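Residue-level structure breakdown
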Amino acid sequence: MKVLLVGGGGREDALGWKIAQSPQLSKLYLAPGGPRLNHIGERLSISDGDIEAMADFAAEKKLDLVVVGPEAPLAAGLGDALRKRGVPCFGPGREAAKLESSKAFMKEICAAAGAPTAGYGQFSDAGAAKAFLREQTAPYVIKADGLAAGKGVVIAETLDDADAAIDDMLGGRFGEAGAQLIIEEFMTGEEASFFAITDGEIITPMIAAQDHKRAFDGDKGPNTGGMGAYSPAPVFTQTVYERTMKEIIEPVVAEMKKRGTPYVGVLYAGLMIENERPRLVEFNARFGDPECQLLMRRMRSDLLPLLHKAATGALEGETIDWSDDPAALVVLAAKGYPGSYDKGSAINGIDAAEQKPGVIVFHAGTKEKDGALLANGGRVLNVTATGKDIREAVRRAYDGVAAIDWPEGFYRKDIGWRALGDAK
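In what follows, the accompanying structure is described. (Residues numbered from 1 in each chain as written. Predicted model: local features only at pLDDT ≥ 70, side-chain atom pairs only at ≥ 80, totals over all residues. Heavy atoms only, no water.)

1. Quick word on the nonpolar core
In plain terms, the rule: Buried residues of nine kinds, namely Ala, Val, Leu, Ile, Met, Phe, Trp, Tyr and Cys, make up a nonpolar core once their side-chain atoms join them within 4.5 Å. Only protein chains enter the calculation, and the probe is 1.4 Å; a residue is then buried if its accessible area is under 20% of its type maximum, exposed if over 50%, and partly exposed in between. By definition, any uninterrupted DSSP run of H or I lasting at least four residues is a helix, any uninterrupted run of E lasting at least two residues is a strand, and each is numbered from the N terminus. By definition in these notes, contact holds between two residues if any of their heavy atoms fall within 4.5 Å.
Within the largest apolar cluster, 52 residues are counted, with the highest numbers of intra-cluster contacts made by Val66, Leu99, Ile249, Val252 and Phe283. Among the elements that line this core, the one with the most residues is helix α9 (residues 238-258), at seven residues. Sequence-distant contacts of valine 66, defined by excluding residues within four places in its chain, comprise Leu4, Val6, Ala58, Leu82, Val87, Pro88, Cys89 and Phe90.

2. A look at the layout of surface pockets
For clarity, the cut-off: Here a cavity denotes a set of grid points, spaced 1 Å apart and computed over the protein atoms alone, in which a 1.4 Å probe fits but from which it cannot get out, and a pocket denotes an open set meeting protein on both sides within 12 Å along at least five of seven lines; residues with an atom within 4 Å of a point are reported as lining. Grid points are joined across faces, edges and corners, and a volume is the space filled by probe spheres set on the points. As a working rule, the residues Ala, Val, Leu, Ile, Met, Phe, Trp, Tyr, Cys and Pro are called nonpolar, Asp, Glu, Lys and Arg charged, and the rest polar, with Gly in that last group.
The computed volume of the second largest pocket comes to approximately 260 Å³. What lines the second largest pocket is a set of 14 residues, and nearest its centre among them are Ile350, Asp351, His363, Glu368 and Leu373. Broken down by secondary-structure element, the contributors of at least two residues to the lining of the second largest pocket are α12 (350-354) and β21 (372-375). The element best represented in the lining of the second largest pocket is α12, accounting for three residues. Looking at the lining of the second largest pocket, its residues break down into five nonpolar, five polar and four charged.

3. A short note on the packing of helix α5 (residues 94-101) against helix α6 (residues 103-113)
Our working definition: To obtain an axis, a line is fitted to C-alpha atoms, over the contacting stretch when the element is a helix, and the angle between two such axes runs from 0 to 180 degrees between their N-to-C directions. Each angle receives one of four descriptions, namely roughly parallel if under 35 degrees, roughly antiparallel if over 145, roughly perpendicular if within 65 to 115, and oblique otherwise.
As a packed pair, α5 and α6 sit with axes 6 Å apart at the nearest point and diverge in direction by 100 degrees. With respect to their mutual orientation, α5 and α6 come out roughly perpendicular. Residues Glu95, Lys98, Leu99 and Ser101 of α5 pack against Lys103, Phe105, Met106 and Ile109 of α6. Looking at the contact of α5 with α6 residue by residue, the class counts come to four nonpolar, one polar and three charged.

4. Thoughts on helix α10 (residues 291-298)
The element α10 is largely enclosed, with a buried count of eight among its eight residues. If you check which residues of α10 are buried, you get Glu291, Cys292, Gln293, Leu294, Leu295, Met296, Arg297 and Arg298.

5. What about the packing of helix α1 (residues 10-19) against α10?
What counts here: The crossing is said to be left-handed when, going from far helix to near helix, the turn is anticlockwise and less than a right angle, and right-handed when the turn is clockwise.
Remark: α1 packs on α10, axes separated minimally by 8 Å, with the N-to-C direction vectors making an angle of 15 degrees. Classed by the angle they form, the pair α1 and α10 counts as roughly parallel. Handedness of the crossing formed by α1 with α10: left-handed. Note on element contacts: α10 touches α1 through Cys292, Gln293, Met296 and Arg297, opposite Gly10, Arg11, Ala14, Leu15, Trp17 and Lys18.

6. Comments concerning α9
This is how the line gets drawn: Multiply 1.5 Å by the residue count of a helix minus one, and that product is the helix's expected span. The seven residues ending at a residue and the seven starting there each receive a fitted axis; the angle between those axes is the bend at that residue.
A rise of 1.5 Å per residue sets the reference length of α9, with its 21 residues, at 30 Å; its end C-alpha atoms lie 29 Å apart and thus fit the reference within 8%. Maximal helix bending in α9 amounts to about 40 degrees, located at methionine 245. Directly after α9, the chain includes glycine 260, whose backbone phi takes a positive value near 80 degrees.

7. Observations concerning the environment of arginine 134
How we decide: Pairing of N or O atoms within 3.5 Å defines a polar contact, subject to two protein rules: one partner must be a possible hydrogen donor and the other a possible acceptor, and residues neighboring in sequence count only if both atoms are side-chain atoms.
In this structure, arginine 134 sits in the loop between α7 (126-133) and β7 (140-144). Taking relative accessible area as the criterion, arginine 134 reaches 45% and is therefore assigned partly exposed. Along the backbone, arginine 134 and leucine 159 are 25 residues apart, and their C-alpha atoms lie at a distance of 7.9 Å. The contact partners of arginine 134, leaving out residues within four places of it in the chain, are Leu159 and Asp163. Only 2.9 Å separates the side chain of arginine 134 from the backbone oxygen of lysine 130, close enough to count as a polar contact.

8. Describing the sheet that holds strand β6 (residues 120-123)
The cut-off we apply is this: Here, strands pair whenever DSSP counts at least two bridges between them.
Pairing within the open sheet is antiparallel, and its four strands lie in the order β6-β9-β7-β8. Each edge of the open sheet carries a strand with a single partner, namely β6 and β8 (153-156). When strand polarity is set aside, the average angle formed by the axes of neighbouring strands in this sheet is 20 degrees. Taken together, the four bridges between β7 and strand β9 (residues 181-184) define a ladder with antiparallel strand orientation. Looking at β9, one finds that valine 141 is bridged to glutamate 184. Strands in contact with α7 are β6, β7 and β9; relative to β6, the strand with the most contacts, it is inclined by about 165 degrees.

9. Quick notes on unusual backbone geometry
Along the chain, alanine 31 connects to proline 32 via a cis peptide bond; the corresponding omega equals 5 degrees. By the secondary structure assignment, proline 32 is in strand β2 (residues 27-32). With an omega of -5 degrees, the peptide bond between alanine 138 and proline 139 qualifies as cis. As for its placement among the helices and strands, proline 139 is situated in the loop between α7 and β7. Backbone geometry places aspartate 370, a non-glycine residue, at a positive phi of 50 degrees. Following the sequence through the fold, aspartate 370 ends up in the loop between β20 (366-369) and β21. Judged by relative accessible area, which is 78%, aspartate 370 ranks as exposed.

Structure representation (structure tokens):
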């Protein structure tokens, strides 16, 4: 198969690493790729935001599959542009991708499908939003309706902070993404991420993971795109799995099909779990980052034919073989992230890290220049490891981190604390 992989972060590095292992792969194209990926595929001079250029290239080269990593090209309609040209795409069309790109649309689908989620109000007027706030109790959950790169959620402890968040969002901080906002009931419990692949009708379940969103140890500091993760998630029991499939994934996929906008690709359910009762926090229309990296480490099956079957409506009877060995991931981020940070500092020691047992380092925000590896983003490296249990996987991941020489980076030192039973 000739395949185009869209995106260039840690998630796409892991997807490319796994796709490249497939005996069914003949050629891998990358838009835009990254330092590791560029050694296993051909980098195109097309940005992952140029929808028409990517679709034209895929049609001209008669590609067998396009795998879309990030959310923005999906929300911009890349899936539709490809299907219009007869190119199979792993990823939903623009309308189905609204499950992620519009919080209000997600709530509407949940209501129609009967999927459990938090109560909410939807607003484009600050006065009405603040009046609704005063009927709620703290903490207050305020979300920009559209895509805000993981930054569009504020959990405010006071009315003053909540009012400020409303003014900030509706005042244009997130542009079009913040033209509407959602105020939501605060859900208690433990969060986990669950993934399922679907061809629009048939669903092949994957596995769950847990990530750490806050920047600093002890779950302190600002929210980020994710500072680390581990899989499996102990809170995600067999009962929770069965309820998630029956109450959330299956009815939502059926509702999308009923509306004539079938959801094709991976559906990522962010869940809040309490007393083995899952409720939906959010949907993402793509693999999670950094959770995807763990899924790729634990997956024994060949990924490529699975993605192709999902993209071509042929998932019937497909199952996935998973390793029983847990996996853990530690993010190395640039000092200052998720705020402003410097780029261009040199990174050494990746090879030494990957010589440690069970360790693979994925590139999330790096670039090569004159033979040197340089930091080129906020989240820069994903150090992953597998082990016989969570404790060993976490220890090995930190052994990998210790081998990397990058003084301009920082990382959390408590990844996996929930699973390890370490009180915070």
